[in-house]
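# Commentary on secondary and tertiary structure
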Amino acid sequence: MRFRISPAPVLIFALAAAGCGKAQQQQMQMPLAEVGVVVAKAQAVPLTRDLVGRLSATRTADVRARVAGVLQKRVYTEGTDVKQGQLMFQIDPAPLKAALDAQLANLAAAKATYTNNHVAAERARSIADKGLMSKTDLDNALAAERTAAAAVQQAQANVETARINLGYASVTAPISGRAGQQQVTEGALVGQGEATLLTTVEQIDPIYVNFSQAVGELDALRRAQAGGHVALDAANKAKVDILLPDGTAYAHSGTLDFSDAAVDAATGAVSLRGIVPNPDRQLLPGMYVNLRLTLGQITQAYLIPQAALQRDPSGPYVLVVGADGKVARKPVVADAQQGADFVVTSGLADGDKVIVSGVQHVQAGAPAKATPWKPDAAPPAAKPAH
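So, here is what we can say about the structure in this document. The model shown is predicted, which means the values in this text are computed figures rather than measured ones.

## Comments concerning the packing of helix H2 (residues 94–129) against helix H3 (residues 135–168)
- At a minimum axis distance of 7 Å, the contact between H2 and H3 shows a crossing angle of 160 degrees. In this view, H2 runs roughly antiparallel relative to H3, as classed from their interaxial angle. Pair H2 / H3 crosses with left-handed handedness.
- Looking at the contact of H2 with H3 residue by residue, the class counts come to 23 nonpolar, eight polar and five charged.

## Quick look at H2
- Taking 1.5 Å of rise per residue, the 36 residues of H2 would be expected to cover 52 Å, and the 53 Å separating its terminal C-alpha atoms lies within 8% of that figure.
- Buried residues in H2 make contact with H3.
- Two residues or fewer after H2 comes Gly 131, characterised by a positive phi angle close to 80 degrees.

## Looking at unusual backbone geometry
- In this structure, the amide linkage connecting Asp 205 to the following residue, Pro 206, adopts the cis form with an omega of 0 degrees.
- Along the chain, the position of Pro 206 falls in strand S9 (residues 196–214).
- In this model, Arg 281 sits at a positive phi of 55 degrees, which is unusual for a non-glycine residue.
- Mapped onto the fold, Arg 281 is located in the loop between strand S13 (269–276) and strand S14 (288–305).

## Considerations on the side chain of Thr 58
- Mapped onto the elements, Thr 58 comes out in strand S2 (residues 43–65).
- Residue classification places Thr 58 among the buried positions, given a relative accessible area of 17%.
- Here Pro 206 takes part through its backbone oxygen, which lies 3.2 Å from a polar atom of the side chain of Thr 58.
- If near-sequence neighbours (up to four positions away) are discounted, Thr 58 is found in contact with Gln 203, Pro 206, Ile 207, Tyr 208 and Ile 275.

## Details of the pattern of salt bridges
- Counting across every chain of the model gives 14 salt bridges.
- In this structure, the salt-bridge partner of Arg 125 is Glu 145, at a minimum N-O distance of 3.0 Å. Of this pair, Arg 125 sits in helix H2 while Glu 145 sits in helix H3; the two residues are 20 residues apart in sequence, bridging distant segments of the chain.
- What makes Arg 125 partly exposed here is its relative accessible area of 30%.
- Of the charged contacts in the structure, one is a salt bridge between Arg 329 and Asp 312, with a shortest N-O distance of 2.6 Å. Linking Arg 329 in strand S17 (residues 327–331) with Asp 312 in strand S15 (residues 310–312), this pair joins segments that are 17 residues apart in sequence.

## Observations concerning the nonpolar core
- Counting 27 residues, the largest nonpolar core has Val 209, Ile 242, Leu 283, Leu 291 and Leu 293 as its most contacted members.
- Within the residue set of this core, elements represented by two or more residues are S2, S9, strand S11 (239–243), S13 and S14.
- Sort the elements by how many residues they give to this core and S14 lands first, with six residues.
- In contact with Leu 293, not counting residues within four places along its chain, are Leu 47, Thr 48, Arg 49, Leu 51, Phe 211, Gln 213, Ala 238, Lys 239, Val 240 and Leu 272.

## Looking at the environment of Val 270
- Mapped onto the fold, Val 270 is located in strand S13.
- For the pair Val 270 and Gly 216, spaced 54 residues apart in sequence, the C-alpha to C-alpha distance is 9.7 Å.
- Beyond its immediate stretch of four places on either side in the chain, Val 270 contacts Phe 211, Ser 212, Gln 213, Val 215, Leu 218, Ser 259, Asp 260, Ala 262 and Val 263.

## Quick look at the packing of aromatic side chains
- Counted under the stated rule, the structure contains one aromatic pair.
- Aromatic side chains Tyr 76 and Phe 89 sit 5.4 Å apart centroid to centroid with 70 degrees between the ring planes, which places their arrangement in the edge-to-face category. Linking Tyr 76 in the loop between strand S3 (69–74) and strand S4 (81–82) with Phe 89 in strand S5 (residues 87–91), this pair joins segments that are 13 residues apart in sequence. Like Phe 89, Tyr 76 is buried.
- The ring centre of Tyr 76 lies 5.7 Å from the NZ or CZ of Arg 74, which sits over that ring.
- A cation over a ring is seen here: Arg 311 above Phe 342, with NZ or CZ 6.0 Å from the ring centre.

## What about the pairing of strand S20 (residues 353–357)?
- For S20, the buried fraction is high: four of the five residues fall into the buried class.
- As defined by bridge partners, strand S1 (residues 33–39) adjoins S20 across four bridges and the pair is classed as antiparallel. Within S20, the residue paired with Gly 36 across the bridge is Ser 357.
- As paired elements, strand S16 (residues 315–321) and S20 share two bridges and run antiparallel to each other. Residue pairing in the sheet places Val 320 in a bridge with Val 354 of S20.

## Remarks on the sheet that holds strand S6 (residues 170–172)
- An order of S6-S5-S3-S8 is seen for the four strands of this open sheet, with the pairing classed as antiparallel. The open sheet has two free edges, formed respectively by S6 and strand S8 (189–190), since each of these has just one partner strand.
- Direction of pairing for S3 relative to S8: antiparallel, over a ladder of two bridges. Bridge pairing in S8 places Val 70 opposite Leu 189.

What counts, and at which threshold
- Residues numbered from 1 in each chain as written.
- Predicted model: local features only at pLDDT ≥ 70, side-chain atom pairs only at ≥ 80, totals over all residues.
- Heavy atoms only, no water.
- Axes fitted to C-alpha atoms, helices over the stretch in contact; angles between N-to-C directions.
- Helix = DSSP H or I, 4+ residues; strand = E, 2+ residues; numbered from the N terminus.
- Parallel < 35°, antiparallel > 145°, perpendicular 65-115°, else oblique.
- Left-handed = near helix turned anticlockwise from the far one by under 90°.
- Nonpolar A, V, L, I, M, F, W, Y, C, P; charged D, E, K, R; others polar.
- Expected span 1.5 Å × (residues − 1).
- Contact = heavy atoms within 4.5 Å.
- Buried < 20%, exposed > 50% of the residue type's maximum accessible area, 1.4 Å probe, protein only.
- Polar contact = N/O pair within 3.5 Å; in protein donor to acceptor, adjacent residues only side chain to side chain.
- Salt bridge = Lys/Arg side-chain N within 4 Å of Asp/Glu carboxyl O.
- Core = buried A, V, L, I, M, F, W, Y, C linked by side-chain atoms within 4.5 Å.
- Phe/Tyr/Trp six-rings, centres within 6.5 Å; stacked < 30°, edge-to-face > 60°.
- Lys NZ or Arg CZ within 6 Å of the ring centre and 35° of its normal.
- Pairing = 2+ DSSP bridges.

If you want it as structure tokens, here you go:
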């Protein structure tokens, strides 16, 4: 018996086989998504914070008139640097000189009285020893001697006071620094009842920069230091770098020299203070400046461009191209930022190819073609299928 095969099923099978082959061919011809990657490499990264601070003088002293008198002249030039002990103002010394002369005369009279009473007391002692003077007369002579000696001491103290007051007529700088504007003009009566303010002197080399930082960040730093992840420099002091108002970096770096022991209840921040050299007097008290506080150095971290870091409800993560050419997701810890990069302290390993550009064209588990990322280049777009 002969069997005949209908041509219709054979034709259908052939067409199906041809279609599958064409689909496989098209799939094989589809190019891999091209992504720009950076190779992760562990390094020591400075832990910095960008803050705003205000400058203040390290020392400020009021220059006041400490004796009453008429201001004769101003000796210094306003706005210039003065040395400690330098003459700044002159108060009319004539009345004070006359007062000193009067006290010197009183001292001379007291000494003369004491000399006379001392001679009388010595004579009384010699007579009393021979029994020719009563005990009362001897006591009176000795008392007069003691009283005259006390008067001499009082007169000497008055002379010293008058001499000090005469010295106050020459008003000198209490500290070295920059002298301010004159507060009282010549011819004015000063020091009458109170120490009249004449000017101020501010020491601005070095200069203070005052700022504050959130207490949470300080706690995180202490925990990192305790865990060995952050190390300070050899001097164990944080570094302070100032940016001038025009955006340029100030030439001299300072150090953190004070941290308040209390937290401001209104702001939740801790007051800090740095001290910065100011040899050229370029920084002036009262200026607001941007500053960079280097709190230490993260011993092992990775700098990852901002575009590489993704976030979802579970936290930050990055996509990497594995050794098998497939995309993998890696959760990371990135709490700090340095310039245009995030500082990743956990979740990466040396040699990881982190995807920076083309992230939107790939997903975990899919194959991808890794090419070096160029910061100035536009993100590569997915190529259409042929």
